[in-house]
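Spelled out, the chains give:
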Amino acid sequence: MAYGDKVIDHFENPRNMGSLDKGSDTVGTGIVGAPECGDVMKLQIQVEEDRIVDAKFKTFGCGSAIASSSLATEWVKGMTIDEAHALKNTDIVEELGLPPVKIHCSVLAEEAIKSAIEDYQSKQSKS
Amino acid sequence: MATMDVDGKRLVYLDNFAATRTDPLVVEAMLPYFTEHFGNAHSRSHAYGWSAENAVDTAREQVAKLVGCKAGEIIFTSGGTEGCNLAIHGVAKMYEERGKHIVTSAVEHRAVLDPIRSLERQGYEASYLPVDNTGLVSPETLREAIREDTILVSMIFASNEIGTIQDVAAMGAICKDKGVIFHVDACVGLDTETIDVDAMGIDILSMSAHKMYGPGGVGAVYVRRRRPRVRLTPLVIGGGQERGMRHGTLNVPGIVGMGKAAEIAFETRESEKARILNLRTKFEGVLKEGLEEVYVNGHPTQRLPGALNISFNYIEGESLMMGMAGICVSSGSACTSATLEPSHVMRALGVGEDLVHTSIRFSLGRFTTEDDIDYAAEECLRAARKLRDMSPLWEMFKEGIDLSEIEWKHD
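Residues numbered from 1 in each chain as written. Chains lettered and ligands numbered in written order. Predicted model: local features only at pLDDT ≥ 70, side-chain atom pairs only at ≥ 80, totals over all residues.

A. Spotlight on the overall build of chain B. A count of helical and extended segments in chain B gives 13 helices and 14 strands. The C-alpha radius of gyration of chain B comes to 22 Å, within 12% of the 22 Å expected for a compact globule of 411 residues. By principal-axis analysis of the C-alpha atoms, chain B measures approximately 75 × 55 × 35 Å. Taking all 411 residues of chain B together, the buried fraction comes to 52%. The contacts of chain B with a sequence gap of at least 6 include a subset with a gap of at least 24, amounting to 72%. (Helix = DSSP H or I, 4+ residues; strand = E, 2+ residues; numbered from the N terminus. Rg over C-alpha atoms; globule rule 2.2 N^0.38 Å. Buried ≥ 20, exposed ≤ 12 C-beta atoms within 10 Å, placed from the backbone. Contact = placed C-beta atoms within 7 Å.)

B. How the structure looks around the packing of helix H8 (residues 252-290) of chain B against helix H12 (residues 370-389) of chain B. Residues and elements named next belong to chain B. It is at 10 Å that the axes of H8 and H12 come closest, and there the two elements cross at 20 degrees. On the basis of the axis angle, H8 is roughly parallel to H12. In this structure, H8 meets H12 at a crossing whose hand is right-handed. Residues Leu279, Lys282, Phe283, Val286, Leu287 and Gly290 of H8 pack against Glu370, Ile373, Ala377, Cys380 and Leu381 of H12. (Axes fitted to C-alpha atoms, helices over the stretch in contact; angles between N-to-C directions. Parallel < 35°, antiparallel > 145°, perpendicular 65-115°, else oblique. Left-handed = near helix turned anticlockwise from the far one by under 90°.)

C. Looking closely at the domain arrangement of chain B. All names here are of chain B. Domain boundaries assigned for chain B yield domain 1 (3-20 + 269-399) and domain 2 (24-265). Of note, the centres of domain 1 and domain 2, computed from C-alpha atoms alone, are 29 Å apart. With 24 residues of domain 1 at the interface, the matching set in domain 2 holds 27 residues. Counting only elements with at least two residues in the side of domain 1 that touches domain 2, the list comes to H8, strand E11 (307-312) and helix H10 (344-349). Looking at which element gives the most residues to the side of domain 1 that touches domain 2, the answer is H8, with four residues. Counted by class, the side of domain 1 that touches domain 2 contains nine nonpolar, nine polar and six charged residues. (Domains from an automatic or database assignment. Nonpolar A, V, L, I, M, F, W, Y, C, P; charged D, E, K, R; others polar.)

D. Highlighting the packing of helix H2 (residues 63-76) of chain A against helix H4 (residues 89-96) of chain A. All names here are of chain A. In contact at an axis separation of 10 Å, H2 and H4 are set at 110 degrees when each is read in the N-to-C sense. With respect to H4, the element H2 is oriented roughly perpendicular. Along this stretch, H2 crosses H4, giving a crossing that reads as right-handed. In contact with Ala67, Ser68, Leu71 and Ala72 of H2, H4 contributes Ile92, Glu95 and Leu96. Partitioning the contact of H2 with H4 into residue classes produces five nonpolar, one polar and one charged.

E. Region of interest: the nonpolar core. Grouped together as the largest cluster of nonpolar side chains are 160 residues, with contacts concentrated most on Ala72(A) and Leu205(B). Here the element with the most residues in this core is H8(B); it accounts for twelve residues. When residues of this core are assigned to domains, at least three map to each of domain 1 (3-20 + 269-399) and domain 2 (24-265) of chain B. If near-sequence neighbours (up to four positions away) are discounted, Leu205(B) is found in contact with Val67(B), Val184(B), Ala186(B), Ile195(B), Val197(B), Val221(B) and Tyr222(B). (Core = buried A, V, L, I, M, F, W, Y, C linked by C-beta atoms within 7 Å.)

F. Looking closely at the interface of chain A and chain B. Contact residues are listed per partner, giving 23 residues for chain A and 20 residues for chain B. For the side of chain A that touches chain B, the elements supplying multiple residues, two or more each, are strand E1 (27-34), strand E2 (39-48), strand E3 (51-60) and H2 of chain A. A total of four residues in the side of chain A that touches chain B trace back to one element, the largest contributor, which is E1(A). Looking at the side of chain A that touches chain B residue by residue, the classes come out as 13 nonpolar, seven polar and three charged.

G. A look at the sheet that holds E1(A). Residue and element names in this part refer to chain A. In spatial order, the strands read E1-E2-E3; together these three strands make up an open sheet with antiparallel pairing. The open sheet terminates on both sides in strands that have one partner only, identified here as E1 and E3. Adjacent strand axes in the sheet meet at a mean angle of 15 degrees when their direction is disregarded. One ladder, built from eight bridges, connects E1 with E2; its direction is antiparallel. Note that in E2 the partner of Gly33 across the bridge is Val40. (Pairing = 2+ DSSP bridges.)

H. Representation of H4(A). Residues and elements named next belong to chain A. Taken together, the buried positions of H4 are occupied by Asn89, Ile92, Val93 and Leu96. The buried residues of H4 occupy an angular sector of 100 degrees when projected down its axis, which confines them to one face. Those residues of H4 hidden inside the fold are in contact with helix H1 (5-12), H2 and helix H5 (103-126). Trailing H4 by a residue or two, Gly97 shows a phi angle of about 70 degrees, which is positive. (Arc of directions from axis to C-beta.)

I. Fine view of unusual backbone geometry. Residues and elements named next belong to chain B. Here the residue pair Arg227 and Pro228 is connected by a cis peptide bond, since its omega of 0 degrees sits within 30 degrees of zero. By the element assignment, Pro228 lies in the loop between strand E9 (219-223) and H8. In the Ramachandran plot, Glu242 falls in the positive-phi region, its phi being about 55 degrees despite a non-glycine side chain. Non-glycine residue Tyr314 carries a positive phi angle of around 75 degrees. As for its placement among the helices and strands, Tyr314 is situated in the loop between E11 and helix H9 (317-323).

Spelled out as structure tokens, the structure:
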């Protein structure tokens, strides 16, 4: 199985790899997947006035999973919450050229974004 | 000699349990049989046929010597998978009046499991013996599993995934005692281990050339001729060759290659076993010292010298292979298999599903040098550390979170 160039690029030079302060009110943290499935993504967003100003990821998973989550953080930075929520896994598949057997990685990345947004929003409704 | 620069990237081949480089001496031995002595080994009437036949006879003796049998007990095939299919289907059909029960293990290669499953769908019964956490089948469980209607026991000699070597001699003795035919899949391990079919009570032995530095597309099956005489219903028919057990024109160059590979294995197996074990011990040591949370899968000592199947906790296998690009290995991770199912062997060992996805199989071999493993270890550590930095699971582990307590969000 030869890896696509873009997938390799994200792997060699991951964008926004790292962590934000999950305790902060302005940070939303989404953790999706499971170790038994071989895929776990943690995606975090820092939000200011409804706009995502920073995003970070950490992923346990194959090259395609890492690339999907790296790309996701790259895209959501600068987006509003609503724009980020509208991102579809198919956009990721197209951008990275993921083969059918790796589509589930892009689905997980979409879920990670939504999960981070949900976490952020639940913090806002509490305060 | 195992490294090759491609696009400026150094390649180190550590996947010898998948395939081995054909030994240059083997290639040299084979070449005349393509263009000079190209006759059909069964052409009785001319020199081209005779020279091909002689070459096949020599190869038969070389393979027989490797496993301690008579030349007349060797049948040539197209490879290990065919050999296992012939052994299993061949015994099942030939002896179906005696019984329809087969005993095997949970860690067999698909070339054994699939034929057995296919027989189950035809009304045969099978018992799959469990293994302990090092991959060993207990001979006692074998003894208990054999029934009045058992006609075949099929065991892998050494696991191609984790390298664990079964207690074959003990199992052979039990099979002799119970009067059951004993098939051993020895596709992996003949280059370093000594198999003696009489001493080990083996009745059928499957072998594959391309796992012992011979060419692909050829294998051999030893079929016992005396005490007892074992017969197999052939799978491939049309012509009567190979004592009626595997018809078809012989792959003369391939067979010559297999014979030469067997001869080299016979001569070098002891010294190679020691040399490769040294390299692996060093390699394993460097990895264990360089990283915490690494676990070797397989028996600590009763294991093929080249085998190092190792789980790197909190790092997914395919990403690690990508990270050490150039180091050519395999993984037990689901991501790398066509079906997205993790390895059945790892499951049988009782390795947790999460750890299964983190395993990498390194298999050292004849052409692996110390420089290769020094470089490979360095690359592996570098990639592993990078991936640990990237891993949310490692981060949680470092924070003291018990991952087994977490309720994961997944479908």
